[in-house]
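Topology and contacts: notes
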Amino acid sequence: MKGQNKLFFAIIISLVLGVLLGGIVHLQYPDSAAVFSKNIKLLGTVFIRLVQMIIAPLVFTTLVVGIAKMSDIKMIGRVGTKAMLWFISASLVSLFIGLILVNWLEPGHAIKFPNQELAAADELVKTSKGFSLEDFVKHIIPKSLFEAFATNEVLQIVVFSIMFGVALANMGDDYSQPVIKLFDVIAHAILKMVGYIMWFAPLGVFGAIAAVVATNGFEIFKVYAVYLRDFFFAIAVLWVVLLLVGYLILGKRLFELLRRIKSPLLIAFSTTSSEAVFPKLVEELERFGCNNRVVSFILPLGYSFNLDGSMMYMTFASIFIAQFYGVDMTLGQQITMLLVLMLTSKGIAGVPRASLVIIVATCTMFDIPAAGIALILPIDHFCDMARSMTNVLGNALATSAVSKWEGQLENHGGDL
């Protein structure tokens, strides 16, 4: 735990230094801010790419081993059913919280924005598609495992891994054990790499934060104070709900879980990437006492189906844009939008700026000006910090809860 605390404080220090350096560049050297941001952001890029490098092999090996070791197909079905019930319930609750609070707080009616540069929004609108069942199916089912590996399509890797793991589980031990043992060794070797890569996290955090502040400055917080205030309040409400449910299931062990995942939460918050902490989250959940087979099975699924922060943000942002443009939506239309988001948001975790893409597509479906995405683009980075961290919390709670329900949550006493 001492090493974990050192990493945690190193990330905090990097976060503060990044804000300070970015602010200095923005205020003292505004002409150089763009070049500075482009170069300093490379530190974050190095960290993210190091993590992305091991995502696909880690998901594949851990999920195959986890399912193959279960050997009992009934157990696989039972665990999967419990996980999906959690995912669907959590997604609906998150969407409803966003819907209720954005209607209550009405940030779109309170904000007067300056003229925004629409180029980024126009590009996003042009590259976004409406919901297509064909695209959804293609995104889930891989045509090539190697293509899925190359593009880090987690959901496609999960589909292949589940089928491969089930096949191994149904073969005799003489055939399957050597393969399972090999994959188990590879998975542990990759987890060992996680420890090395995480020490690049402070540099990644420093680079990412410095770049954003140097480009936008501190004034951005004043301009968007209302939107940020209301959004972070909504995130806080979602956290209260998630932690309350977590406490009802885990009891006082919830606080041990939070201590375990504090570094993954902070890294997700700083880098705006819940994907960046996946390997570390696997490691910490196993140390917390979650069964490694359950972790290997549920966590990859959670990254595609259980994005609580992103779900809440999509209803909040979509209705906000409607409010800003004076588009009145009936309760029935808003409920329909919620159900559409419930479907279209699944399996898009690996898509860059996935939440924004889905918001644009949803706005188009309901005749809301999709170019309104420009209103939130400048501060999306800060909103992404909160929703990425919330996604990590939701997946940690889901994995811990299912482990508890399966009677496979060990008490390690928090001393590891």
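Reading the values: the criteria
Residues numbered from 1 in each chain as written. Predicted model: local features only at pLDDT ≥ 70, side-chain atom pairs only at ≥ 80, totals over all residues. Heavy atoms only, no water. Helix = DSSP H or I, 4+ residues; strand = E, 2+ residues; numbered from the N terminus. Buried < 20%, exposed > 50% of the residue type's maximum accessible area, 1.4 Å probe, protein only. Contact = heavy atoms within 4.5 Å. Areas by Shrake-Rupley, 256 points an atom, 1.4 Å probe, with all protein chains shown as cover. Core = buried A, V, L, I, M, F, W, Y, C linked by side-chain atoms within 4.5 Å. UniProt positions renumbered as here; feature names shortened; annotations may be inferred. Salt bridge = Lys/Arg side-chain N within 4 Å of Asp/Glu carboxyl O. 1 Å grid on protein atoms, 1.4 Å probe; cavity = no way out; pocket = protein on both sides within 12 Å on 5 of 7 lines; lining within 4 Å. Points joined across faces, edges and corners; volume = space filled by probe spheres on them. Nonpolar A, V, L, I, M, F, W, Y, C, P; charged D, E, K, R; others polar. Axes fitted to C-alpha atoms, helices over the stretch in contact; angles between N-to-C directions. Left-handed = near helix turned anticlockwise from the far one by under 90°. Expected span 1.5 Å × (residues − 1). Phe/Tyr/Trp six-rings, centres within 6.5 Å; stacked < 30°, edge-to-face > 60°. Lys NZ or Arg CZ within 6 Å of the ring centre and 35° of its normal.

Description of the overall build of the chain
- Scanning the chain from terminus to terminus reveals 20 helices and zero strands.
- Counting only residues that meet the buried cut, the chain has 55% of its 416 residues in that class.
- Restricting the contact set of the chain to residue pairs at least 6 apart, pairs at least 24 apart contribute 88%.
- Accessible surface, the chain: about 18,300 Å² in total, of which carbon and sulfur atoms supply 66%.

Some words on the nonpolar core
- Grouped together as the largest cluster of nonpolar side chains are 115 residues, with contacts concentrated most on Phe47 and Tyr227.
- Of all the elements, helix H2 (residues 33-70) adds the most residues to this core, at 14 residues.
- Counting eight residues, the second-largest nonpolar core is a separate cluster that includes Ala33, Phe36, Phe206 and Ala214.

Observations concerning the UniProt feature "transmembrane region" (unreviewed entry) in the chain
- According to UniProt, the feature "transmembrane region" (unreviewed entry) maps to residues 7-27, 47-71, 83-105, 154-172, 193-214, 226-250, 331-349 and 356-379 in the numbering used here.
- Along residues 83-105, the helical share is 100% and the strand share 0%, with 33 Å between the first and last C-alpha atoms.
- A distance of 35 Å separates the end C-alpha atoms of residues 226-250, which is 100% helix and 0% strand.

Describing the pattern of salt bridges
- Here the structure, examined in full by the defined rule, presents ten salt bridges.
- Measuring nitrogen to oxygen at the nearest pair gives 3.0 Å for the salt bridge that ties Glu283 to Lys280. Of this pair, Glu283 and Lys280 both sit in helix H15 (residues 278-288), three residues apart, which is roughly one turn of that helix. When sorted by exposure, Glu283 lands in the same class as Lys280, which is buried.
- In this structure, Arg287 and Glu283 form a salt bridge, with 3.6 Å as the shortest nitrogen-oxygen distance. Taken as a pair, Arg287 and Glu283 lie in helix H15 at a separation of four residues, close to a single helical turn.
- The partly exposed category is assigned to Arg287, whose relative accessible area is 31%.
- The class of Glu283 is buried, set by a relative accessible area of 15%.

Examining empty space enclosed by the protein
- All chains considered together, the criterion is met by two cavities of 30 Å³ or more.
- The calculated volume of the largest cavity comes to roughly 100 Å³.
- Breaking the lining of the largest cavity down by element, the ones donating at least two residues are H2, helix H9 (173-197) and helix H16 (292-305).
- The residue inventory of the lining of the largest cavity, partitioned by class, reads three nonpolar, six polar and two charged.

Quick look at unusual backbone geometry
- Despite not being glycine, Glu106 has its phi angle at roughly 50°, a positive value.
- Along the chain, Glu106 turns up in the loop between helix H3 (73-105) and helix H4 (107-110).

Section: the packing of helix H12 (residues 225-250) against helix H17 (residues 308-324)
- Interhelical geometry of H12 versus H17 gives an angle of 145° and a closest axis separation of 11 Å. In this structure, H12 crosses over H17, and the sense of that crossing is right-handed. Taken together, the residues of H17 that come into contact with H12 (itself represented by Tyr227, Asp230, Phe231, Ala234, Ile235, Leu238 and Leu242) are Asp308, Gly309, Met312, Tyr313, Phe316, Ala317 and Phe320.

Observations concerning H12
- Compared with an ideal rise of 1.5 Å per residue, which puts 26 residues at 38 Å, H12 spans 36 Å between its outermost C-alpha atoms and is within 8% of the ideal.
- Of the residues making up H12, those classed as buried are Tyr227, Leu228, Asp230, Phe231, Ala234, Ile235, Leu238, Trp239, Leu242, Gly246, Ile249 and Leu250.
- Count one or two residues on from H12 and you reach Gly251, which has phi positive near 65°.

Here we look at the packing of aromatic side chains
- With the rule as written, the count across this model stands at 14 aromatic pairs.
- Between Phe231 and Phe316 the ring centres are 5.9 Å apart and the planes differ by 65°, which places this aromatic pair in the edge-to-face class. Separated by 85 residues along the polypeptide, Phe231 in helix H12 and Phe316 in helix H17 bring together distant segments of the chain. In terms of burial, Phe231 and Phe316 fall into one category: buried.
- The rings of Tyr227, Phe231, Phe232, Tyr313, Phe316 and Phe320 are connected pair by pair, giving a single aromatic cluster.
- Over the ring of Tyr313 we find Arg387; its NZ or CZ atom is 4.1 Å from the centre of that ring.

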